[in-house]
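Per-entry structural report
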Amino acid sequence: MAEDVVRNFGFLCLGSRFRRIGERLQADTQAIIEEFGVTIQAGQYPFLGAIDRAGPLTIGELAESVGITQPGATRTLGQLTDAGLVEVRASEEDQRRKLVSLTDKGRALVERSRREIWPVIEAAVRDLCGELSGPLLEQLATIEDGLAESPLARRIKHQEKI
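Source: prediction; values computed, not measured.

1. Considering the packing of helix α3 (residues 45–54) against helix α4 (residues 59–66)
The interhelical angle for the contact between α3 and α4, taken along N-to-C directions, is 115°, at an axis separation of 10 Å. One element, α3, and the other, α4, form an angle in the roughly perpendicular class. Along this stretch, α3 crosses α4, giving a crossing that reads as right-handed. Facing α3, whose interface residues are Pro46, Phe47, Ala50 and Ile51, α4 presents Leu62, Ser65 and Val66. Its residues assigned to classes, the contact of α3 with α4 shows six nonpolar, one polar and no charged.

This is the structure we're talking about:
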């Protein structure tokens, strides 16, 4: 069996390890979503959840809320619009601002998901993390906040350049 270098390199490959874990969680989450007969992608749910929580949001606000780039948010919103789950319209106060809101179909999906799908996914992830010690979600938030405050490149201590 081949060595798992991503795991064995520890902090050196932490980003790759997070990506690997994230991709596995996304794929497993997608399988659960599909078992419920829902056709959206797991990565689209945070958009629906953000709009549900905050009400209509601009594309920029959604991108910031979900933590991705604006072009990525625009692509995802295009898919959700095509699926009839969100609608984009000009703001009444400023016609240049586009607001994204849930359609009736989108609200129905969020309500169903909140009742039937999200609790199943959350319970499965809690089960996965149940044996861990320490507040995992708080630790992840600390990592995210730390990167936002000071990226890795600024954390390099006067090392010799090769």
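Text resumes after the structure shown.
2. A short note on the packing of α3 against helix α6 (residues 104–129)
Where α3 meets α6, the closest approach of the two axes is 10 Å, and the angle between their N-to-C directions is 115°. You can see that α3 and α6 cross each other, and the crossing is left-handed. Contacts between α3 and α6 involve Tyr45, Leu48, Gly49 and Asp52 from the first element and Leu109, Val110, Ser113, Arg114, Ile117 and Trp118 from the second. Among the residues forming the contact of α3 with α6, the class breakdown is six nonpolar, two polar and two charged.

Calculation criteria
Residues numbered from 1 in each chain as written. Predicted model: local features only at pLDDT ≥ 70, side-chain atom pairs only at ≥ 80, totals over all residues. Heavy atoms only, no water. Axes fitted to C-alpha atoms, helices over the stretch in contact; angles between N-to-C directions. Helix = DSSP H or I, 4+ residues; strand = E, 2+ residues; numbered from the N terminus. Parallel < 35°, antiparallel > 145°, perpendicular 65-115°, else oblique. Left-handed = near helix turned anticlockwise from the far one by under 90°. Contact = heavy atoms within 4.5 Å. Nonpolar A, V, L, I, M, F, W, Y, C, P; charged D, E, K, R; others polar.

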